[in-house]
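What follows is the residue order along each chain.
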Amino acid sequence: MHNSDSQSPTGTPESGVQIESSGAELDSLKAKIAELEAGNKDLRETVLREKAELENQRRRLHRDLEQARRFANEKLLNDLLPVYDSLERGLSVEGGDVNAVREGLSLTLKELLRIASNNGLVQVDPVDQPLDPERHHAVSMVEAPGKAPGTVVTVLQKGYVLNDRLLRPALVAVAKDD
């Protein structure tokens, strides 16, 4: 016979404790999910702000580089304006003394060379130096008694170096072998 007074292991008093503990655990998990979702939302907002800031920095850098590229020669050109003015004044003189015009051109050339030198430009003028194929371009060989073969005798066109980078090689005539 079956005893109706005894309680089974899944009886009501034990079920109530389990439901309460499951309910508390469920509430704890829901709170944890809400906390994680809020943290996730904050992280998303931070990532979006950082992404927007990076994009703004990229745009600013691009704009600054473009401005620098457009006005990179501003200082040089500003320095060249007095040379330009001197040449214009020299050309506007009517029937002047040849020596005065020549002296004016010489001063203008000196000013131009000074400005170029201040901006890193150096002339390559290799007279009496051995031929350097890196900086000189031999266009002819000439008889040159007393000069070693391969020595630069005449510079037909000066070369130029800008901050240790060759812009134009010097065109030279070189002493031939005897």
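Higher on the page you've got the structure.
Values in this document were obtained by computation on a predicted structure and should not be read as measured data. (Residues numbered from 1 in each chain as written. Predicted model: local features only at pLDDT ≥ 70, side-chain atom pairs only at ≥ 80, totals over all residues. Heavy atoms only, no water.)

**What to know about helix H3 (residues 98-118)**
Thought 1: For H3, which comprises 21 residues, the first-to-last C-alpha distance of 30 Å matches the rise-based estimate of 30 Å (1.5 Å per residue) to within 8%.
Thought 2: Along H3, the residues classified as buried are Thr108, Ile115 and Ala116. Seen end-on, H3 carries its buried residues on one side only, within an arc spanning 100°. Seen from the buried face of H3, the exposed residues on the opposite side, beyond 90 degrees, are Asn99, Arg102, Glu103, Leu107, Lys110 and Asn118.
Thought 3: One or two positions beyond H3, positive phi appears at Gly120, with a value near 95°. (Helix = DSSP H or I, 4+ residues; strand = E, 2+ residues; numbered from the N terminus. Expected span 1.5 Å × (residues − 1). Buried < 20%, exposed > 50% of the residue type's maximum accessible area, 1.4 Å probe, protein only. Arc of directions from axis to C-beta.)

**Points about the sheet that holds strand E5 (residues 165-168)**
Thought 1: Taken in spatial order, the three strands of this open sheet run E1-E4-E5, and their pairing is antiparallel. Each end of this open sheet is capped by a strand with a single partner; those strands are strand E1 (121-124) and E5. With direction set aside, neighbouring strand axes in the sheet form an average angle of 35°.
Thought 2: Judged from the three bridges that link them, strand E4 (residues 159-162) and E5 form a sheet pairing that is antiparallel. Paired with Leu162 across the strands is Arg165, a residue of E5. (Pairing = 2+ DSSP bridges. Axes fitted to C-alpha atoms, helices over the stretch in contact; angles between N-to-C directions.)

**Considerations on the pattern of salt bridges**
Thought 1: Applying the stated criterion across every chain yields a total of nine salt bridges.
Thought 2: Asp128 is paired through a salt bridge with Lys147; the nearest N and O atoms lie 2.4 Å apart. Here Asp128, found in the loop between E1 and strand E2 (136-142), pairs with Lys147, found in the loop between E2 and strand E3 (152-157); they are 19 residues apart in sequence, far enough to count as distant.
Thought 3: Overall, the relative accessible area of 46% leaves Asp128 in the partly exposed class.
Thought 4: For Lys147, a relative accessible area of 30% puts it in the partly exposed group.
Thought 5: Among the salt bridges present, the one from Glu143 reaches Lys176, with a minimum N-O distance of 3.7 Å. In this pair, Glu143 sits in the loop between E2 and E3 while Lys176 sits in the segment after strand E6 (170-175), placing the two residues 33 residues apart along the sequence.
Thought 6: A residue is classified by how much of its surface remains accessible, and Lys176, at 32% relative accessible area, is partly exposed. (Salt bridge = Lys/Arg side-chain N within 4 Å of Asp/Glu carboxyl O.)

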